[in-house]
Amino acid sequence: MWRYNEYIQVSTWYSSKDIDTLLSIPGVFFKECHVQYPADENRSHLLRFFSIEPLAQYHELTTLIAGITREWYIRANINYCDVIFAPVQPGVIEIVEILAQKLDIPYALLEYLPTGRFGNTLVKGDIQPGDRVLVFNGVTQQGNCVGKRLPEFVTQRGGEVSARAVFAKGTTRNVKALEERYGSRFFSSIQVDIPIYSAEKCPKCCSGEKASLRPWTDLF
């Protein structure tokens with residue numbers, strides 16, 4: 001990866017022009033904010049935010065991201081996967097559809113809730129016992145989605161997670177643990193420094209700015 005700015009590192013497969021274009025899209029990157037994620041009572045406080053939803057309208061960018069993910073899949077010598085598994089989230093859907101076509105692999109989509117959490121229902125495709133699965137998500141702010149929640153759904157259905165990939169990842173201890181544990185089998189083309197705190201330790205809340213907190217969904 002190479003450093004784009006003080007907050008963001010990007011894959012060498014991106015050019016400066018690619019990242020300039022991507023980050024110029026309104027709603028993709030918030031350098032400063034005070035949001036709760038997910039948007040419910042059990043949430044963390046984020047002081048920076050990176051989102052994939054706005055990219056759903058830009059086919060050339062979702063195609064670029066899918067192409068970069070395909071290059072990783074091939075060069076990392078990932079064993080053949082039977083299915084790609086991802087949440088049915090704007091931006092994610094478009095990338096997964098293109099990636100599935102490029103790799104000639106079917107895909108399955110999990111229910112995605114307005115809060116940012118996942119549901120428990122497959123809304124497209126299937127995971128069969130013995131399937132080798134590539135888990136994909138748009139942005140893992142904290143590492144829980146591709147480290148726990150999505151893989152747990154795969155194993156509950158008898159599948160096996162062969163690799164994990166996201167468009168962008170944060171810098172939490174959970175993310176770093178995934179990097180160390182899975183090496184080249186955990187891929188992200190962008191890494192963003194995202195300060196994340198519990199409600200009790202949030203610097204903004206502790207300094208009297210609690211009223212500025214809002215759900216992440218209010219950013220759009």
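Anyway, here's the lowdown on the structure attached to this text. The numbering scheme is per chain: residues are counted from 1 as the chain's sequence reads. Given that the model is predicted, a residue must reach a pLDDT of at least 70 before its local features are reported, and side-chain atom pairs must reach 80 or more before they are shown or counted; all residues, however, enter totals for whole chains, interfaces and linings. With hydrogens and water excluded, all non-hydrogen atoms of the structure serve as input to the side-chain values.

### As for helix α4 (residues 144-156)
Helical geometry note: an α-helix holds 3.6 residues per turn, so side chains three or four residues apart project in the same direction. Its 13 residues give α4 an end-to-end C-alpha distance of 17 Å, which sits within 8% of 18 Å, the value for a rise of 1.5 Å per residue. Relative accessible area decides the class of each residue, using a 1.4 Å probe on protein chains only: under 20% of the type maximum gives buried, over 50% gives exposed, and in between gives partly exposed. Put simply, DSSP marks the helices as runs of H or I at least four residues long and the strands as runs of E at least two long, and each gets a number from the N terminus on. The complete set of buried residues in α4 reads C145, V146, L150, P151, F153 and V154. In the segment just after α4, G158 is the residue with positive phi, at about 90 degrees. In a helix, the anticipated span is given by 1.5 Å times the number of residues less one.

### As for the layout of surface pockets
Grid points spaced at 1 Å and placed over the protein atoms alone form the basis of the search, with a cavity being a set where a 1.4 Å probe fits but cannot get out and a pocket an open set showing protein on both sides within 12 Å along at least five of seven lines. Lining residues have an atom within 4 Å of a point. Grid points are joined across faces, edges and corners, and a volume is the space filled by probe spheres set on the points. Roughly 450 Å³ of internal volume is contained in the largest pocket. If you go around the largest pocket, you meet 24 residues; those closest to its centre are Y37, P38, G116, F118 and C145. Residue assignment for the lining of the largest pocket shows that the elements contributing at least two residues are β6 (49-50), β10 (132-140) and α4. For the lining of the largest pocket, the element with the highest residue contribution is β10, accounting for four residues. Three categories are distinguished: nonpolar for Ala, Val, Leu, Ile, Met, Phe, Trp, Tyr, Cys and Pro, charged for Asp, Glu, Lys and Arg, and polar for the others, with Gly belonging to the last. Of the residues belonging to the lining of the largest pocket, the class tally is 10 nonpolar, 11 polar and three charged.

### Some thoughts on the sheet that holds strand β2 (residues 8-10)
Note on pairing: DSSP must find at least two bridges between two strands before they are called paired. With respect to topology, eight strands assemble into an open sheet ordered β1-β2-β12-β11-β10-β7-β8-β9, the strand pairing being mixed. Here the strands that pair on one side only, and so sit at the sheet edges, are β1 (2-3) and β9 (118-124). Sheet topology places strand β8 (residues 107-112) next to β9; three bridges connect them, and they run antiparallel. Its bridge partner being in β9, Y112 is matched across the sheet by F118. Contacts between residues were defined by any pair of non-hydrogen atoms, one from each residue, lying within 4.5 Å. Between N-to-C directions, angles span 0 to 180 degrees; the directions come from axes that are lines fitted to C-alpha atoms, helices contributing only their stretch in contact. The strands that α4 touches are β7 (83-87), β8, β9, β10, β11 (160-169) and β12 (186-192); relative to β10, the one it contacts most, it runs at about 145 degrees.

### Describing the pairing of β12
β12 sits mainly inside the fold: seven of its seven residues count as buried. Bridging between β2 and β12 involves three bridges; their strand directions are antiparallel. Opposite V10, over in β12, you have I190 as the bridge partner. Taken together, the five bridges between β11 and β12 define a ladder with parallel strand orientation. What sits directly across from K169, in β12, is Q191. Handedness of a crossover is defined as follows: with both strands directed away from the viewer, a clockwise route from the first strand across the helix to the second makes it right-handed. Once the chain exits β11 it traverses helix α5 (residues 173-182) before rejoining the sheet at β12, and the crossover so formed is right-handed.

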